[in-house]
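Listed here are the chains, written in short residue letters.
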Amino acid sequence: QLQLVESGGGLVQPGGSLTLSCTASGFTFAYYAIVWFRQAPGKEREGISCVGGEGVTTAYADSVKGRFTTSRENTKNTVYLRMSNLKPEDTATYYCAQRYTGYSGRHDCTIQEYDSWGQGTQVTVSV
């Protein structure tokens, strides 16, 4: 199992941009799909993106499609979430999470499926 650490959150004005990072430690990083989800106080968690182990296959929730982009750099054991045109409703704690897929599943990812996650990083969109 990977150990995951999120970073890059902060306070951003509406319409602004921010990039989050998820750094992993452990074996065979490329055998894990990585999911981003977010959760605001008093609300249920919302899966927003995933990227397959090979770094090509991606999927996005409708709420962020066209504004957010996820990618990975396996040589650095890092996954990114690039966010643009941020809205107040994007305010939440953002987490990266893992799902083991192995070599045969390296082209697969599902936003709703993951096993564990890191401590999260806070994103606040406000004037």
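Refer to the preceding data block for the structure.
From a predicted model like this one, the values you see are computed outputs, not experimental measurements.

Participant: Looking at this structure, how should I read the overall build of the protein?
Facilitator: Each helix and strand counted, the protein has zero helices and eleven strands in total. Secondary structure elements in the protein, listed N-terminal to C-terminal, are β-β-β-β-β-β-β-β-β-β-β. Computed over C-alpha atoms, the radius of gyration of the protein comes to 14 Å, within 12% of the 14 Å expected from 2.2 N^0.38 for 127 residues, which places it in the range of a compact globule. Projecting the C-alpha coordinates of the protein onto the three principal axes gives extents of approximately 45 × 25 × 25 Å. Looking at the protein as a whole, 46% of its 127 residues qualify as buried. Across the protein, every contact between residues at least 6 apart in sequence was considered, and the portion connecting residues at least 24 apart equals 62%.

Participant: Is there a simple way to think about the nonpolar core in this case?
Facilitator: Inside soluble globular proteins, nonpolar side chains tend to come together where they are buried. Counting 26 residues, the largest nonpolar core has Leu 20, Ile 34, Trp 36, Phe 68, Leu 81, Met 83 and Tyr 94 as its most contacted members. Only β3 (18–25), β4 (32–39), β5 (46–51), β8 (78–83), β9 (92–100) and β11 (121–125) provide two or more residues apiece to this core. Residue contributions to this core peak at four residues, all from β3. Dropping the residues within four chain positions of it, Leu 81 is found in contact with Leu 18, Thr 19, Leu 20, Trp 36, Ile 48, Ser 49, Phe 68, Thr 69, Thr 70 and Tyr 94.

Participant: What should I look at first to understand the pattern of salt bridges in this one?
Facilitator: Close approach of charged atoms allows side chains of opposite charge to pair. On inspection of all chains with the given rule, the structure shows five salt bridges. Measuring nitrogen to oxygen at the nearest pair gives 3.8 Å for the salt bridge that ties Glu 73 to Lys 76. For Glu 73, a relative accessible area of 29% translates into the label partly exposed. On the basis of relative accessible area, Lys 76 is assigned to the exposed category, the value being 51%. Connected via shared salt-bridge partners are Arg 38, Glu 46, Arg 67 and Asp 90.

Cut-off values and rules
- Residues numbered from 1 in each chain as written.
- Predicted model: local features only at pLDDT ≥ 70, side-chain atom pairs only at ≥ 80, totals over all residues.
- Heavy atoms only, no water.
- Helix = DSSP H or I, 4+ residues; strand = E, 2+ residues; numbered from the N terminus.
- Rg over C-alpha atoms; globule rule 2.2 N^0.38 Å.
- Buried < 20%, exposed > 50% of the residue type's maximum accessible area, 1.4 Å probe, protein only.
- Contact = heavy atoms within 4.5 Å.
- Core = buried A, V, L, I, M, F, W, Y, C linked by side-chain atoms within 4.5 Å.
- Salt bridge = Lys/Arg side-chain N within 4 Å of Asp/Glu carboxyl O.

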